[in-house]
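Single-letter residue listing:
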Amino acid sequence: MSTAPAEPSRRSPSRRSPTGRGHDRRGHDREILALAVPAFGALVAEPLFLMADSAIVGHLGTPQLAGVGVASAALTTATGVFVFLAYATTAAVARRIGAGDRRGAVQQGVDGLWLAVGLAVPVVLLTLLLAPWAADLLGASPTAAPYAVTYLRISSLGIPAMLLVLAATGVLRGLQDTRTPLLVAVGGFTANIGLNLGLVYGAGLGVAGSAWGTVLAQTGMAAVYLVVVVRGARRERASLRPDATGIRAGARAGGPLLVRTVSLRAVLMIATAVAARLGDDQVAAHQIAMTLFSFLAFALDAIAIAGQAIIGRYLGASDVPGARAATRRMVEWGLGSGVVLGLLVVLARPLYVPLFTPDPVVQGQLHTALLLLALSQPVAGLVFVLDGVLMGAGDGPYLARAALATLAVFAPAAFLVPATGTGLAGLWWAMNLFMLVRAVFLVARARGGRWLVTGAVRD
């Protein structure tokens, strides 16, 4: 890839305030935007990998496209649960940056990379071994299953690169750099398209060519990240060798976030399973609504990513007033963004709904789901921001408990939908309940002070 990422800034934060500007609103706004806007671009670029693969493979035939779709779902599940590699690393690195320990911050990042490598090995082996079982479990047809297995097995070779990208992204976010991940993501997406076109059609490799193209693009992204991190480690004289203590610390911090992520993914899986019981029209409308839900989440998650980096740095600098002030401002950003996004969902329906489906029955079902989705956006803005704030504070155990409790509330409400005959509207009311319960748990925690643990390392 030709992307040339910038080196992270070496400026030391002020001891008066990690921003060096006090706790003024304008200073917070500038910092939030500087981190959130590039983060949003990187978040949007990542799912374009699979979209590009689907678009290119779609011209090979329906069985090939169906096979890649099944394999992509399995691959996303296998790697998505490890997003804690980014979240936990961001918080740990940002704390040390706030404490003025840049060498320790980079060392923490190196330990995160080694943890990613250690986790990737068994995941690759299991994916290679269980690929046929996964294709069957996800309902691949007899004609699509061979393509699914081929794509999944080849793509599994890119799992180490995927996990390294997650961990390295966390390192750079902790160093207050979201621009480099954006450049790498855009470069990787561009390389992915070129490689896929060349290998699928130019080399005539078909589905296998698409998988190899994506593996090569992901490997290139991981290589760029490694160059950036290794240069930083050498500059700060941090060791590149695996440190068992540091790796174990990363695993301990990531464990609760793994529980949180699995719980939240279970909510989405339950929602899809319930929608499937309601009928084809309802499940089609639900999938469209979920697509919009996911896209809106990228915008709100960008603020959350800024929160992880900023709050971790404030607490590392033992600046509790600064952490409180930044949290209040990010909550305002989250609520405001949620209101704007909710209005856009409603007002822009005539423009985007026909792009998803021409079926008037599906459009009718979608109408109610979109209104409920729009209604939840201000709450979602609050939830995403506070989730990021507490991650930045290293408050993973509480987030895990809150996610499990939220799942325990949502699951019965969702499973009652078919029995009560409330249809898709009932399911999306359950989704709004899920978001509201999350908000209650997060607001209750944020209003207290137990998450405000200061210092370079959270014990």
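Small disclaimer: the values here were computed from a predicted structure and weren't measured.

Caption draft 1: Representation of the overall build of the protein in the model. The secondary structure content of the protein amounts to 17 helices and zero strands. Taking 2.2 N^0.38 as the reference for a compact globule, 459 residues should give roughly 23 Å; the C-alpha atoms of the protein span a radius of gyration of 22 Å, in line with that estimate. If one aligns the C-alpha atoms of the protein with their principal axes, the spans along those axes are about 60 × 50 × 35 Å. The burial tally for the protein puts 54% of its 459 residues in the buried class. Of the contacts formed within the protein by residues at least 6 apart in sequence, a portion of 84% connects residues at least 24 apart. Accessible surface, the protein as shown: approximately 19100 Å² in total, 67% of it carbon and sulfur.

Caption draft 2: Spatial organisation of helix H4 (residues 84-98). Between its first and last C-alpha atoms H4 spans 21 Å; for 15 residues at 1.5 Å apiece the expected length is 21 Å, and the two agree. Counting buried residues along H4, 15 of its 15 residues qualify, which places the element largely inside the surrounding structure. Of the residues trailing H4, glycine 100 is marked for its positive phi of about 80 degrees.

Caption draft 3: Structural context of the pattern of salt bridges. Applying the stated criterion across every chain, the model contains eleven salt bridges. Between aspartate 101 and arginine 96 there is a salt bridge, with its nearest N and O atoms 3.1 Å apart. On the basis of relative accessibility, which here comes to 17%, the residue arginine 96 falls in the buried class. The salt bridge partner of arginine 235 is glutamate 236, with a shortest N-O separation of 3.9 Å. Judged by its relative accessible area of 30%, arginine 235 falls in the partly exposed class. Among the ionic contacts, a cluster of salt bridges with common partners joins Arg25, Asp29, Arg329 and Glu332.

Caption draft 4: Layout of the packing of helix H1 (residues 25-45) against helix H8 (residues 179-202). One can describe the packing of H1 onto H8 by two numbers: an axis separation of 8 Å at closest approach and a directional angle of 25 degrees. Taken together, H1 and H8 sit at an angle that is classed as roughly parallel. Crossing of H1 against H8: the hand is left-handed. Residue-level contacts link Pro38, Gly41, Ala42 and Ala45 of H1 to Arg179, Pro181, Leu182 and Ala185 of H8. A breakdown of the residues in the contact of H1 with H8 according to their chemical character gives six nonpolar, one polar and one charged.

Caption draft 5: Just a nonpolar patch on the surface, in detail. A grouping of Trp114, Val117, Val121, Leu125, Leu128, Leu157, Leu205 and Trp212 is seen on the molecular surface, where their side chains present a nonpolar patch of about 680 Å² in accessible area. Ranked by residues supplied to the nonpolar patch, first place goes to helix H5 (residues 102-137) with five residues. Among the secondary structure elements, valine 117 is positioned in helix H5.

Caption draft 6: Highlighting the confidence of the model for the protein. Averaged over the protein, the pLDDT score is 87; the fraction of residues at 70 or greater is 93%. In the model, residues 1-22 has pLDDT below 50 throughout and makes 56 contacts with residues more than four positions away in sequence or in other chains.

Caption draft 7: Layout of the packing of aromatic side chains. Tallied over the full model, the rule gives four aromatic pairs. Between phenylalanine 82 and phenylalanine 84, the ring centres sit 6.1 Å apart and the planes meet at 55 degrees, which makes this aromatic pair tilted. Of the two residues, phenylalanine 82 and phenylalanine 84, both sit in the buried class.

Caption draft 8: Molecular detail of the environment of methionine 431. Secondary-structure assignment places methionine 431 in helix H17 (residues 423-447). Spatially, the C-alpha atoms of methionine 431 and threonine 180 are 35 Å apart, while their sequence positions differ by 251 residues. In contact with methionine 431, not counting residues within four places along its chain, are Leu268, Ala271, Met290, Phe293 and Phe410.

Caption draft 9: Main features of the nonpolar core. Formed by 136 residues in total, the largest nonpolar core has its most connected members in Leu85, Ile311, Phe410 and Trp428. With 18 residues, helix H11 (residues 280-316) is the largest single contributor of residues to this core. Residues within four places of tryptophan 428 in sequence aside, it is in contact with His286, Ala289, Met290, Phe293, Ala369, Leu372 and Leu373.

Caption draft 10: Broad picture of the environment of valine 345. Take valine 345: it is sitting in helix H12 (residues 320-347). Residue valine 345 is classed as buried on the basis of its relative accessible area of 5%.

Caption draft 11: How the structure looks around the packing of helix H10 (residues 244-278) against H17. Axis separation between H10 and H17 bottoms out at 9 Å; the angle between their running directions is 170 degrees. In terms of axis orientation, H10 runs roughly antiparallel to H17. The two elements H10 and H17 meet at a crossing, and its hand is right-handed. Across from Arg260, Leu264, Val267, Leu268, Ala271, Val274, Ala275 and Leu278 in H10, the residues of H17 making contact are Gly423, Leu424, Leu427, Met431, Phe434 and Arg438. Across the contact of H10 with H17, the residue classes tally to eleven nonpolar, one polar and two charged.

Conventions used here
- Residues numbered from 1 in each chain as written.
- Predicted model: local features only at pLDDT ≥ 70, side-chain atom pairs only at ≥ 80, totals over all residues.
- Heavy atoms only, no water.
- Helix = DSSP H or I, 4+ residues; strand = E, 2+ residues; numbered from the N terminus.
- Rg over C-alpha atoms; globule rule 2.2 N^0.38 Å.
- Buried < 20%, exposed > 50% of the residue type's maximum accessible area, 1.4 Å probe, protein only.
- Contact = heavy atoms within 4.5 Å.
- Areas by Shrake-Rupley, 256 points an atom, 1.4 Å probe, with all protein chains shown as cover.
- Expected span 1.5 Å × (residues − 1).
- Salt bridge = Lys/Arg side-chain N within 4 Å of Asp/Glu carboxyl O.
- Axes fitted to C-alpha atoms, helices over the stretch in contact; angles between N-to-C directions.
- Parallel < 35°, antiparallel > 145°, perpendicular 65-115°, else oblique.
- Left-handed = near helix turned anticlockwise from the far one by under 90°.
- Nonpolar A, V, L, I, M, F, W, Y, C, P; charged D, E, K, R; others polar.
- Patch = residues over 30% accessible without salt bridge, like charges linked within 9 Å, V, L, I, M, F, W, Y side chains within 5 Å.
- pLDDT = per-residue confidence, 0-100.
- Phe/Tyr/Trp six-rings, centres within 6.5 Å; stacked < 30°, edge-to-face > 60°.
- Core = buried A, V, L, I, M, F, W, Y, C linked by side-chain atoms within 4.5 Å.

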